[in-house]
Amino acid sequence: TIDGMQGTGVYDDYLMDLPGAVDPGPGEVFVAQWRMRVDDVTPPPYDADPRVGFLSEQHRFASFVYSEGSVRELAAHQSIPIAPSIFHTYEYRSPDMLTYEFYVDGLLAFGGSTTFGVFGPRVAWGDGWTPSESRSTWDYVRFGVVPEPTGLGFALAFGIMAAPRRSRRVTC
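Please read these numbers as outputs of a predicted model, since none were measured by experiment.

(A) Representation of the overall build of the protein chain within the structure. The secondary structure content of the protein chain amounts to 1 helix and 13 strands. Going through the 172 residues of the protein chain one by one, you find that 37% of them count as buried. By sequence separation, contacts in the protein chain at least 24 residues apart represent 70% of the contacts at least 6 residues apart. As displayed, the protein chain has an accessible area near 9700 Å², and 58% of this comes from carbon and sulfur atoms.

Below you can see the structure in the form of structure tokens.
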């Protein structure tokens, strides 16, 4: 639980500076996944806290902020409603840190382009810096650059799994 309900000047978040570890190379994709529940956000109309944000080596960023009933991408002003007071799973995928797809509970919610940012490569999550106060419960946050799945890779993996098993009996 991250509790930032002590006042608008107080916030608790996690920030990891990650030089060389955020931007994917050819054939790779940056993936971040998290599961969290927004417990309380005050005061309206600034109910945009907690947050999750990604900044690249290219000084590009995407930042997702929450209210009890919605999630929105801060710079692009895209938002979707979410059921309040329950855990949701989120996934951010970017092949180049210039464009991204954002999933909520396994469904594509929206996608777009990142925007220019000042800071270098980092990942941050928790109670944001807005004039809001929030309390949220986090199950996990995981992220990294991974090989991008390809059709050939899936076909090979499926072929290996679908191949009949052979066994041979040896008698001693």
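(B) Spotlight on the environment of leucine 55. If you trace the backbone, leucine 55 turns up in strand β4 (residues 51-55). C-alpha of leucine 55 to C-alpha of glycine 120: the two residues are 65 residues apart in sequence and 6.2 Å apart in space.

(C) Structural view of the sheet that holds strand β13 (residues 133-147). Read across the sheet, 6 strands follow the order β1-β13-β3-β8-β9-β10 without closing on themselves; strand pairing throughout is antiparallel. The open sheet has two edge strands, β1 (2-3) and β10 (107-113), and neither has a second partner. Pairing of strand β8 (residues 88-94) with strand β9 (residues 99-104), which is carried by 4 bridges, proceeds in the antiparallel orientation. Residue pairing across strands places tyrosine 90 opposite valine 104, the latter belonging to β9.

(D) Region of the structure containing the nonpolar core. Grouped together as the largest cluster of nonpolar side chains are 27 residues, with contacts concentrated most on Trp34, Phe54, Phe64, Tyr66, Tyr92 and Phe102. When residues of this core are traced back to their parent elements, those giving at least two are β3 (28-42), β4, β5 (60-66), β8, β9 and β12 (122-126).

(E) A look at the pairing of β12. Most of β12 is tucked away, with 5 of its 5 residues classed as buried. Side-chain alternation along β12 places Arg122, Ala124 and Gly126 on one buried face and Val123 and Trp125 on a second face that is also buried. Alignment of strand β2 (residues 13-17) against β12, held across 5 bridges, turns out to be antiparallel. Bridge pairing links aspartate 13 to glycine 126 in β12. Bridge count for β4 against β12 is 5 bridges, and the pairing is antiparallel. Looking at β12, one finds that phenylalanine 54 is bridged to valine 123.

(F) Up close: the pattern of salt bridges. If you walk through the whole model with that rule in mind, you get 6 salt bridges. We note a salt bridge from aspartate 39 to arginine 37, for which the minimum N-O separation is 2.5 Å. Among the residues examined, aspartate 39 registers a relative accessible area of 25% and is labelled partly exposed. The class for arginine 37 is partly exposed, based on a relative accessible area of 23%. Of the charged contacts, one joins aspartate 40 and arginine 135 as a salt bridge, the two residues approaching to 3.7 Å between their closest N and O atoms. Of this pair, aspartate 40 sits in strand β3 while arginine 135 sits in strand β13, placing them 95 residues apart in sequence.

(G) Focus on the environment of valine 145. By the secondary structure assignment, valine 145 is in strand β13. Its relative accessible area of 28% is what places valine 145 among the partly exposed residues. Distance in space between the C-alpha atoms of valine 145 and proline 24 is 5.7 Å, their sequence separation being 121 residues.

(H) View of the packing of aromatic side chains. For the coordinates displayed, the defined rule picks out 17 aromatic pairs. Centroid distance phenylalanine 64 to tyrosine 92: 5.9 Å. Interplanar angle 65°. Geometry classified as edge-to-face. Of the two residues, phenylalanine 64 is situated in strand β5 and tyrosine 92 in strand β8; the sequence distance between them amounts to 28 residues. The buried category is assigned to tyrosine 92, whose relative accessible area is 0%. Between tyrosine 66 and tyrosine 90, the aromatic rings sit 5.1 Å apart at their centres with planes inclined by 70°, giving edge-to-face as the arrangement. Here the residue tyrosine 66 occupies a position in strand β5, and tyrosine 90 occupies one in strand β8, the gap between them amounting to 24 residues. Both residues of the pair, tyrosine 66 and tyrosine 90, count as buried. Counting every residue linked through ring pairs, the aromatic cluster contains Phe30, Trp34, Phe54, Phe64, Tyr66, Tyr90, Tyr92, Tyr100, Phe102 and Phe110. Against the face of phenylalanine 119 rests arginine 122, its NZ or CZ located 4.6 Å from the ring centre. Just above the ring of tyrosine 140 sits the side chain of arginine 142; from NZ or CZ to the centre is 4.1 Å.

Parameters at a glance
- Residues numbered from 1 in each chain as written.
- Predicted model: local features only at pLDDT ≥ 70, side-chain atom pairs only at ≥ 80, totals over all residues.
- Heavy atoms only, no water.
- Helix = DSSP H or I, 4+ residues; strand = E, 2+ residues; numbered from the N terminus.
- Buried < 20%, exposed > 50% of the residue type's maximum accessible area, 1.4 Å probe, protein only.
- Contact = heavy atoms within 4.5 Å.
- Areas by Shrake-Rupley, 256 points an atom, 1.4 Å probe, with all protein chains shown as cover.
- Pairing = 2+ DSSP bridges.
- Core = buried A, V, L, I, M, F, W, Y, C linked by side-chain atoms within 4.5 Å.
- Salt bridge = Lys/Arg side-chain N within 4 Å of Asp/Glu carboxyl O.
- Phe/Tyr/Trp six-rings, centres within 6.5 Å; stacked < 30°, edge-to-face > 60°.
- Lys NZ or Arg CZ within 6 Å of the ring centre and 35° of its normal.

Any link to function would need more than the numbers given here.
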